[in-house]
There are 2 protein chains.
Amino acid sequence: MNVTLKDVAKLAGVSRSAVSRTFTEGASVSAKTRRKVEEAAEVLGYHPNALASSLTTGRTKLIGLISNNFHNPIFLEIFDLFTRALQNRGLRPLLINLTDETDPANSVRLLRQYSVDGVIVASSTLSPEFAKAFRDARMPVVHSFGRFAERPDVHVVGIDNVECGRMAARTLVARGYRRIGFLGGPADATSTQDRLLGFREALAEAPGLALSHSFARAYSFDAGRAEMLRLLAADPAEAYFCGDDVLSIGALSAVQSAGLDVPGDIGLMGLNDMEMAGWANIDLTTIHQPIRQIIDGSIACVVAMLDDPDRVPEAQLFPCHLIERGTLRPPI
Amino acid sequence: MNVTLKDVAKLAGVSRSAVSRTFTEGASVSAKTRRKVEEAAEVLGYHPNALASSLTTGRTKLIGLISNNFHNPIFLEIFDLFTRALQNRGLRPLLINLTDETDPANSVRLLRQYSVDGVIVASSTLSPEFAKAFRDARMPVVHSFGRFAERPDVHVVGIDNVECGRMAARTLVARGYRRIGFLGGPADATSTQDRLLGFREALAEAPGLALSHSFARAYSFDAGRAEMLRLLAADPAEAYFCGDDVLSIGALSAVQSAGLDVPGDIGLMGLNDMEMAGWANIDLTTIHQPIRQIIDGSIACVVAMLDDPDRVPEAQLFPCHLIERGTLRPPI
DNA sequence: CCGATTTTTGCAACCGGTTGCAAATTGCCC
DNA sequence: GGGCAATTTGCAACCGGTTGCAAAAATCGG
């Protein structure tokens, strides 16, 4: 049904190898046969079958892109950047939606079946062990937005969540807030744990502060709103560092629903600096996470591993910085 | 390097065919050999190579998922539903990000090279001709959120945008608005054109109304905000039907920035009913687009075409309904 | 236990490409 | 034009599976 190598070879009057060679970079073909082949291919509308060739070359140019957060708008930005950057390098994203699944076994099997060249785990909530399962299956893998470690089991590209926690704490202290809250993402997410660690550490340096903390059940609007409503019912802090922007926006809506003002009554800050954080009716003060750099770094890393699969894994961190908008009172 | 059929066959002491057969549904193998093979496979950690088998079966179980809107949060919901529904059917989404590209040639070539079993074009802005290019290349294709036609060139699953325009017009009239605006998406998007058509048609029935219309340059927050700021500078209407929810939210922010109240000073309504429309600080009155049904319908359609590629294309439309929230004044 | 049927099995060809190798061709220089 | 090296070419085997077909084995009825 489809036009194959053989058809082109016949029409061009050459061997199948000749056709194959004209379509593979750096193979030895004379200008004359190349022209004949290209002509015939043009006539027949021939395009090489990428999967058939992968059988012998061992390269599919498929990259497994795994994520488990389809309810956080920043992931749309992340998918956008990932898919475009992969496409620019001639790689194809095979998307896996991991909602409600924490066992890597299925994903490993699936991506092995499709002989992907590499795997990108894009998630700040999945454990390092999840990513490690791909390495154990001998696939090149990068954990984007993953947890930092001195000697990680797999390549990690992301931010220093502990340092972000510190930065948030210092920011709130500098604004004169004394009763300070940490409204984290899910308690079992590595990012939440690390941020809380740094947050506590930096607050411990300053005397006379009251720190409270609690966790939303997910990185989502609803979870942030629900948790903030709960906090408001008791004795809320003066300002909260929220697990991320979408949680902040949920919290913001809760505060406004309660008839309180941000930042007049309660200060809020987030983390990510997603597009929406800059929207005029949100105007969230937040810590910018350089997702473009993280994604470019992740792809560079996975590409490098294609040639050298045994590169020793390391963590690559990019610096974050504060974006001042309107949800905290000004520095004193 | 990887464990193959041959390895399993050798260990199990059977032919390669026997191994192949134990892993293909409905093939004839005795219980005894099946057991032997499964044992050997278990020991070696064998999993069949999906791409190699696709070579003979002609089925890859890959589905090309094409989209061009990575700045509209509803597409995150759409990707979530698509990927999960595809996974549930054992299909794998190969994602193509079409940002800034309107020529289908590249996508067609790419998806042919990967022998995808089918293609889903998920976009309300791409033209029917775009989707048709896949059909011309003899691939099963469904245009989700595409334009209705009596006898379309490809299967279309979506909503009746003309009827949505009518519904919006009737809603605004019923609220007593007299000076009514249409703040559409990009003027060249088929969805925009159809909605305006229905909107005008329904308003033409009611006498004494003033209708104005303009277009945002994209379905995005910034575009909606910019366009509404422009409108506010002159002589704005009493209420606007916006191209979609994210445009509405941009418009909402513009109105609020101008110190005006919604719905007190200006009424707004959207279309889609994305998650965010229900957020407490947005609370957008909007027309619900049944994306889950559209997506399930699209996948059912593409699956049906796998068996019968020559099914005559038709448009499948799902009804929309109004979701009343807080951005329009109550009916009079 | 026999012969007829049904089920299971292995052989071999094939899917659409790639690639090592040896033979054929080309180009170059004298 | 001849000799030699460099380039190009086709053959054939292979990548990891599937499948039609005929032979072998199992099942069944009598």
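Our structure's up above, just so we're on the same page.
A brief structural summary. (Residues numbered from 1 in each chain as written. Chains lettered and ligands numbered in written order. Predicted model: local features only at pLDDT ≥ 70, side-chain atom pairs only at ≥ 80, totals over all residues.)

### Here we look at the overall build of chain A
For step 1, the next point in the chain: Assigned secondary structure in chain A consists of 12 helices and 12 strands.
For step 2, the next point in the chain: A compact globule built from 332 residues would reach a C-alpha radius of gyration of about 20 Å, whereas chain A, at 25 Å, exceeds it by more than 25%.
For step 3, the next point in the chain: With respect to the principal axes defined by its C-alpha atoms, chain A has extents near 85 × 40 × 35 Å.
For step 4, the next point in the chain: Out of the 332 residues in chain A, the part that is buried amounts to 50%.
For step 5, the next point in the chain: Pairs at least 24 apart in sequence give 70% of the contacts found in chain A among residues at least 6 apart. (Helix = DSSP H or I, 4+ residues; strand = E, 2+ residues; numbered from the N terminus. Rg over C-alpha atoms; globule rule 2.2 N^0.38 Å. Buried ≥ 20, exposed ≤ 12 C-beta atoms within 10 Å, placed from the backbone. Contact = placed C-beta atoms within 7 Å.)

### A word on the interface of chain B and chain A
For step 1, the next point in the chain: Counting residues at the interface gives 38 residues for chain B and 38 residues for chain A.
For step 2, the next point in the chain: Mapped by element, the contributors of at least two residues to the side of chain B that touches chain A are α4 (50-57), α5 (74-88), β2 (92-97), α6 (105-113), α10 (221-233) and α11 (245-257) of chain B.
For step 3, the next point in the chain: Counting residues per element, the side of chain B that touches chain A draws most heavily on α5(B), at 7 residues.
For step 4, the next point in the chain: In the side of chain B that touches chain A, the residues fall into 18 nonpolar, 14 polar and 6 charged. (Nonpolar A, V, L, I, M, F, W, Y, C, P; charged D, E, K, R; others polar.)

### Some remarks on the nonpolar core
For step 1, the next point in the chain: Counting 183 residues, the largest nonpolar core has Ala251(A) and Ala251(B) as its most contacted members.
For step 2, the next point in the chain: Beyond its immediate sequence surroundings of up to four residues, Ala251(B) is in contact with Leu183(B), Gly224(B), Arg225(B), Met228(B), Tyr240(B), Cys242(B) and Leu268(B). (Core = buried A, V, L, I, M, F, W, Y, C linked by C-beta atoms within 7 Å.)

### Digging into the environment of Leu51(A)
For step 1, the next point in the chain: By the element assignment, Leu51(A) lies in helix α4 (residues 50-57).
For step 2, the next point in the chain: Through-space distance from the C-alpha of Leu51(A) to that of Ser107(A) is 20 Å; in sequence the pair is 56 residues apart.
For step 3, the next point in the chain: Discounting residues that sit within four places of it in the chain, Leu51(A) has contacts with Thr60(A), Leu51(B), Ser54(B), Leu55(B), Thr60(B), Tyr114(B) and Ser115(B).

### A look at α6(B)
For an α-helix, 3.6 residues make a turn, and residues three or four places apart therefore share a direction.
Residues and elements named next belong to chain B.
For step 1, the next point in the chain: Where α6 is concerned, the buried positions are Ser107, Val108, Leu111 and Arg112. Within α6, the buried residues cover an arc of 125° as seen down the axis, which keeps them to one side. Seen from the open side of α6, the exposed residues pointing more than 90 degrees away from its buried face are Ala105 and Asn106.
For step 2, the next point in the chain: Looking at the buried positions of α6, the neighbouring elements they touch are β1 (62-67), β2, β3 (118-122) and α7 (128-136). (Arc of directions from axis to C-beta.)

### Quick word on the protein's contact with DNA strand D
For step 1, the next point in the chain: Around DNA strand D sit 27 residues in total, of which Thr33(A), Leu5(B), Ser17(B), Ser20(B) and Ser53(B) are the nearest.
For step 2, the next point in the chain: When contributions to the surface near DNA strand D are tallied by element, the ones reaching two or more residues are α2 (16-22), α3 (31-44) and α4 of chain A together with α2 (16-22) and α4 of chain B.
For step 3, the next point in the chain: The residue inventory of the surface near DNA strand D, partitioned by class, reads 9 nonpolar, 15 polar and 3 charged. (Near = placed C-beta within 6 Å.)

### Points about the packing of α5(B) against helix α12 (residues 291-307) of chain B
For any two helices packed against each other, the geometry is given by the interaxial angle and the distance between the axes.
Residue and element names in this part refer to chain B.
For step 1, the next point in the chain: Running from amino to carboxyl end, α5 crosses α12 at an angle of 40°, the nearest separation of the two axes being 10 Å. Comparing their axes, α12 and α5 come out oblique. Between α5 and α12 lies a crossing of right-handed hand. Along the contact surface, α5 presents Glu77, Ile78, Leu81, Phe82, Ala85 and Leu86, while α12 presents Ile291, Arg292, Ile295, Asp296 and Ile299.
For step 2, the next point in the chain: A breakdown of the residues in the contact of α5 with α12 according to their chemical character gives 8 nonpolar, no polar and 3 charged. (Axes fitted to C-alpha atoms, helices over the stretch in contact; angles between N-to-C directions. Parallel < 35°, antiparallel > 145°, perpendicular 65-115°, else oblique. Left-handed = near helix turned anticlockwise from the far one by under 90°.)

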